[in-house]
There are 2 protein chains.
Amino acid sequence: MDHPFNAIWRTAVKKSIALFAVLALAPLSGAWAGEDLMAQAREQFKPIPSAPPALMGNAATKERVELGKMLFFDPRISASHLISCNTCHNVGMGGDDNLETSIGHGWAKGPRNAPTAFNAVFNVAQFWDGRAEDLKAQAKGPVQAGVEMNNKPAQVEATLRSMPEYVTRFERAFPGEKVSLSFDNMAKAIEAFEATLITPYSRFDQFLEGNATILNKQEKEGLALFMDKGCAACHGGVNLGGQGYYPFGVVEKPGADILPEGDKGRFEVTKTADDSYVFRAAPLRNIELTAPYFHSGKVWDLEQAVAVMGQSQLGEKLSDSQIQAITAFLKTLTGEQPKVEYPVLPVSTATTPKPVAMQ
Amino acid sequence: MDHPFNAIWRTAVKKSIALFAVLALAPLSGAWAGEDLMAQAREQFKPIPSAPPALMGNAATKERVELGKMLFFDPRISASHLISCNTCHNVGMGGDDNLETSIGHGWAKGPRNAPTAFNAVFNVAQFWDGRAEDLKAQAKGPVQAGVEMNNKPAQVEATLRSMPEYVTRFERAFPGEKVSLSFDNMAKAIEAFEATLITPYSRFDQFLEGNATILNKQEKEGLALFMDKGCAACHGGVNLGGQGYYPFGVVEKPGADILPEGDKGRFEVTKTADDSYVFRAAPLRNIELTAPYFHSGKVWDLEQAVAVMGQSQLGEKLSDSQIQAITAFLKTLTGEQPKVEYPVLPVSTATTPKPVAMQ
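Note that this is a predicted model, so its numbers are computed, not measured. Per chain, the residues get numbers from 1 upward, laid out in the order the sequence is written. Lettering for chains starts from A, numbering for ligands starts from 1, and both go in the order in which the items are written. Totals for whole chains, interfaces and linings use every residue, but because this is a predicted model, local features are given only for residues with pLDDT of at least 70 and side-chain atom pairs only at 80 or more, for both listing and counting. The basis for every side-chain value is the complete set of heavy atoms in the structure, and neither hydrogens nor water enter the calculation.

### Remarks on the overall build of chain A
Only runs of H or I of at least four residues qualify as helices and only runs of E of at least two qualify as strands under DSSP, and these elements are numbered from the N terminus. Of the regular secondary structure elements, chain A holds 14 helices and four strands. Buried means the residue's accessible area, taken with a 1.4 Å probe over protein chains only, is under 20% of the maximum for its type, while exposed means over 50%, and partly exposed covers the values in between. When the 359 residues of chain A are sorted by exposure, 57% land in the buried category. The Shrake-Rupley method, run with a 1.4 Å probe sphere, supplies the accessible areas, and residue values consider only the shown protein chains as cover. Just so you have it, chain A exposes about 14,600 Å², and 55% of that area is on carbon and sulfur atoms.

See the structure below:
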């Protein structure tokens, strides 16, 4: 099955790959010299900075980050008082839940694989379809989704307001505001914390910073292939992805087991036919820690995911050794995991709304 | 409704209270002098030590504690890969889940309120009915319970064995053993970690250590009442409870809303009629952090819990000011909460058994 829009996308992506090949790949004819490889990689990728980036309209003060950490770990922002942000974005497991799709309120199965919260601050927008422009917009989604936390903003505010320590902490994190404790400020505090969940110092970043010997031969071959074959056209920048939207199956649509027909991706956001089965290119940082893969979470093996991408996005059947080399390269993207001290949460009071297991 | 065994218990408890009164209370006739109060409290209670106690048959080496922490936080020991020990024994919420009864596999509702893991090492035995003799025996229960993690020992072992980092860590934590990685050793490692979850330096402990002014007048009145009225007869020792088994309703049985008829407590363990509706006296450390109360989790308010205890265990309707004083004293039992750095968990591999959401 093929759609006209696929042809358009295919042409556009192929053009950019072709241009890229003319500009960059031709002189090297497939065999990358060490310095040239590094120079070329520096054109397309950027290392993760050692400190979180500034946030638009959200000053990440110490008070705000600390409050955000509490909220991130507090299951009482869910209706059941069981599910916290960390349930699906586990800071000990690469920032996601390692499940096909998440389990939420009432043991409901979510529609898409939980993306990692690590380095998410570097993505152009949040969710697989980019429907939230930033992390503070994102944070409000799962709290309210029926299959996730199943809560309501007013109930969340009542819950937080019932605990004097939260009231004080909101006042300190949002000083001078008429109403410090609000659902919006909850989301801003969570964003401030999540922006600290970055993973610098991966071996690949050390390579980008000038350490030419930190990658072995196979990993360098994989990096070269990753650029040569065109993967980097969509998976570039700081996060090797997370920057643009592309149809899954630009050349050849994968089967419905991997690309379920019912989920049209960004089409649901833009209602534009061109955006059918379009998704934000997955960011590939720490990818070895966040199986299973794709928005459907149907592929558990990273080598298989690479093979599927070759076929569906590039129309190329990669050889086993190419797949292994690219996979070896992808494993160099694992950075230093965030150190998180578990927060001691404020204690509930008599006025804290009771958990609702089913509603 | 009254049972013959209640009369027996009532007599026994009343005798011990009477003896206690003769020995200790008589000279003070209800009004406690500061030093006498401290001396008397030291007879009945012990402060939490600043370091974890030794464990019978389980050397808590650094390697074992660190491995135990990983296992405590690893949801992959549950069938669904969603539920970890920390889900119901949340280290940020007083060591329990602040729910009536826990939510487990398939959103099942557990039969009893989750006891805190904090200071549990000081209890004579584990669970509300004492059916596990220690923390390592306890740790195996929830992993296998259908309404909790719903897993099987062989599956847990296969899961852990699929991750090279766990294999290495088990070898280091249990050196020289023929089979280091086993379900039994998983439980021992978890016990070693849980034994570190102690909360020393509460204001009450500082009082026991000689700081006479750290408790205010109302708190001291509460402490005096707690001993005078006989609460301390069951709630003594390091944990102010957790040492012996007593019928809930020794004098007057509470209603079925608080003491559901279907749960006969320790009777299920011993099959002895005398043990009908007998439970381990709840340890009261950090009690203000672990609402709701009782094995049924039906009482959310600590003052109400104190009132219920007065009526059911002592046959006495405590006055409002007495209840408030005892509650104020109980809040001095909140200690320094454990500092826990979230562990970075080993990454799953191709041979890691897949999560089973429903089975």
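### Brief notes about the UniProt feature "domain: Cytochrome c" (unreviewed entry) in chain A
Residues and elements named next belong to chain A. UniProt positions are given in the numbering used here, feature names are shortened, and annotations may be inferred rather than shown by experiment. UniProt records the feature "domain: Cytochrome c" (unreviewed entry) for residues 63–171 and 217–334 in the present numbering. Secondary structure within residues 63–171 divides into 39% helix and 4% strand; the distance between the first and last C-alpha atoms comes to 10 Å. Along residues 217–334, the helical share is 37% and the strand share 5%, with 18 Å between the first and last C-alpha atoms.

### What about the relation of the copies chain A and chain B?
Least squares is used to superpose the copies, and the fit set is the C-alpha atoms of residues whose pLDDT is at least 70 in both copies. When chain A is fitted to chain B, the best match, at an RMSD of 0.0 Å, comes from turning it 180° and sliding it 0.0 Å along the axis. Those values place the two copies in the arrangement expected of a two-fold rotation axis. Identified as the residue of chain A closest to the rotation axis by C-alpha distance is Glu 341 of chain A, at 2.1 Å. Looking at the interface residues of chain A, 100% of them are also at the interface in chain B, so both copies use one shared face. Here, residues are in contact when the closest pair of their heavy atoms is within 4.5 Å.

### Here's the deal with the domain arrangement of chain A
The extent of an interface is frequently quoted as the accessible surface area lost upon association of the parts. Residues and elements named next belong to chain A. Along its sequence, chain A is carved into domain 1 (4–51 + 199–333) and domain 2 (62–194). Between the C-alpha centres of domain 1 and domain 2 there is a distance of 29 Å. By buried area we mean how much accessible surface two parts lose on assembly, using a 1.4 Å probe and totalling the loss over both. Both sides together, the interface formed by domain 1 and domain 2 hides about 2,100 Å², and carbon and sulfur atoms give 50% of it. By definition here, a salt bridge exists when the distance from a side-chain nitrogen of Lys or Arg to a carboxyl oxygen of Asp or Glu is within 4 Å. Across the pair Glu 100 and Lys 298 runs a salt bridge whose closest N-O atoms are separated by 2.8 Å. Polar contact criterion, stated in full: a pair of N or O atoms within 3.5 Å, where within protein one must be able to donate a hydrogen and the other to accept it, and residues adjacent in sequence count only if both atoms are side-chain atoms. Our count for the contact surface shared by domain 1 and domain 2 stands at 13 residue pairs in polar contact (both at pLDDT 80 or more). For the purposes of this description, domain bounds are those given by an automatic or database domain assignment.

### As for the packing of aromatic side chains
Describing an aromatic ring pair means giving the distance of the ring centres and the angle of the ring planes. Two rings belonging to Phe, Tyr or Trp (six-membered ring only in the last case) form a pair when the distance between their centres is within 6.5 Å. Interplanar angles under 30 degrees mark stacking, angles over 60 mark edge-to-face geometry, and anything in between is tilted. According to the stated counting rule, one finds 25 aromatic pairs over all chains in the structure shown. Centre to centre, the rings of Phe 248 of chain A and Phe 294 of chain A are 5.0 Å apart; their planes meet at 45°, and the pair counts as tilted. A residue pair is termed long-range when its members are at least 10 positions apart, and Phe 248 of chain A in the loop between β3 (245–247) and α12 (267–270) and Phe 294 of chain A in the loop between β4 (278–280) and α13 (302–314) qualify at 46 residues. Judged by relative accessible area, Phe 294 of chain A falls into the buried class, the value being 11%. Judged by centre distance (6.1 Å) and plane angle (45°), the ring pair of Phe 45 of chain B and Phe 226 of chain B falls under tilted. Separated by 181 residues along the polypeptide, Phe 45 of chain B in the loop between α2 (34–44) and α3 (62–73) and Phe 226 of chain B in helix α10 (residues 217–228) bring together distant segments of the chain. Judged by relative accessible area, which is 2%, Phe 226 of chain B ranks as buried. Taken together, the aromatic side chains of Phe 72, Phe 73, Phe 193 and Tyr 342 of chain A together with Phe 72, Phe 73, Phe 193 and Tyr 342 of chain B make up a single cluster linked through ring pairs. We call a charge positioned above a ring when the Lys NZ or Arg CZ atom is no farther than 6 Å from the ring centre and deviates by at most 35 degrees from the ring normal. The ring centre of Tyr 277 of chain A lies 3.9 Å from the NZ or CZ of Lys 253 of chain A, which sits over that ring.

### Overview of the interface of chain A and chain B
In this complex, chain A contributes 37 residues to the contact, which on the side of chain B involves 37 residues. Roughly 3,100 Å² is buried in total at the junction of chain A and chain B, and carbon and sulfur atoms are behind 72% of that figure. Applying the counting criterion to the chain A and chain B interface returns zero salt bridges. Among the secondary structure elements, those contributing two or more residues to the side of chain A that touches chain B are α4 (85–88) and β1 (103–104) of chain A.

### A short note on the environment of Ala 79 of chain B
Positionally, Ala 79 of chain B belongs in the loop between α3 and α4 (85–88). With 163 residues separating them in the primary sequence, Ala 79 of chain B and Gly 242 of chain B have C-alpha atoms 31 Å apart.

### Regarding the UniProt feature "binding site: heme c 1" (unreviewed entry) in chain A
Residues and elements named next belong to chain A. Per the UniProt annotation, the sites labelled "binding site: heme c 1" (unreviewed entry) are Cys 85, Cys 88, His 89 and His 105. Take Cys 85: it is sitting in helix α4. Excluding residues that lie within four positions of it along the chain, Cys 85 makes contacts with Leu 71, Phe 72, Ile 77, Met 149 and Ile 190. Summarising the element assignment, His 89 is placed in the loop between α4 and β1. Residue classification places His 89 among the buried positions, given a relative accessible area of 14%. Leaving out residues up to four positions away in the same chain, His 89 has contacts with Phe 72, Gly 95, Asp 96, Ala 114, Pro 115, Thr 116 and Ala 117.

### Considerations on the nonpolar core
Counting residues in hydrophobic clusters, the biggest one holds 96 residues, and the most contacted among them are Met 186 of chain A together with Met 186 of chain B. The residues touching Met 186 of chain A, leaving out its near neighbours within four places in the chain, are Leu 71, Ile 77, Val 143, Val 156, Leu 160 and Phe 170 of chain A. To form a nonpolar core, buried Ala, Val, Leu, Ile, Met, Phe, Trp, Tyr and Cys residues must be joined to one another through side-chain atoms within 4.5 Å.

### Focus: the pattern of salt bridges
All names here are of chain B. Inspection of every chain in the model, using the stated rule, returns 33 salt bridges over all chains. Taking the shortest distance from any N to any O, the salt bridge between Lys 140 and Asp 184 comes out at 2.6 Å. Within this pair, whereas Lys 140 is found in helix α5 (residues 135–144), its partner Asp 184 is found in helix α8 (residues 183–194), the two being separated by 44 residues in sequence. Accessibility expressed as a relative area gives 25% for Lys 140, which makes it partly exposed. The residue Arg 285 makes a salt bridge to Asp 205 at a minimum N-O spacing of 2.9 Å. With Arg 285 in the loop between β4 (278–280) and α13 (302–314) and Asp 205 in helix α9 (residues 203–208), the pair connects residues that are 80 residues apart, well separated along the chain. A relative accessible area of 2% means that Asp 205 is categorised as buried.

### Remarks on the packing of helix α10 (residues 217–228) of chain A against helix α14 (residues 320–330) of chain A
All names here are of chain A. Fitting a line to C-alpha atoms yields each axis, with helices limited to the stretch in contact; the angle taken between N-to-C directions then spans 0 to 180 degrees. Following both chains from N to C, one finds α10 and α14 inclined at 100°, their axes separated by 7 Å at the closest point. Here α10 lies roughly perpendicular to α14, going by the angle between them. Residues Gln 218, Glu 219, Glu 221, Gly 222, Leu 223, Leu 225 and Phe 226 of α10 touch α14, and the partners they reach there are Gln 322, Gln 324, Ala 325, Ile 326, Ala 328, Phe 329 and Leu 330. Any residue that is not Ala, Val, Leu, Ile, Met, Phe, Trp, Tyr, Cys, Pro, Asp, Glu, Lys or Arg is counted as polar, Gly included; the first ten are nonpolar and the last four charged. Split by residue class, the contact of α10 with α14 holds eight nonpolar, four polar and two charged. When an angle is under 35 degrees it counts as roughly parallel; over 145 it counts as roughly antiparallel; between 65 and 115 it counts as roughly perpendicular; any other value is oblique.

### Observations regarding helix α14 (residues 320–330) of chain B
For α14 of chain B, the buried fraction is high: eight of the eleven residues fall into the buried class. Buried residues along α14 of chain B sit against α9, α10 and α13 of chain B.

### Some thoughts on the environment of Ser 162 of chain B
Residue and element names in this part refer to chain B. Mapped onto the elements, Ser 162 comes out in the loop between α6 (153–161) and α7 (164–173). Classification of Ser 162 by relative accessible area gives buried; the value is 8%. C-alpha of Ser 162 to C-alpha of Ala 139: the two residues are 23 residues apart in sequence and 21 Å apart in space. Sequence-distant contacts of Ser 162, that is, excluding residues within four places in its chain, are made with Thr 349, Thr 351, Thr 352 and Pro 353. In this structure the side chain of Ser 162 is engaged in a polar contact, spanning 2.6 Å, whose partner is the backbone oxygen of Thr 159.

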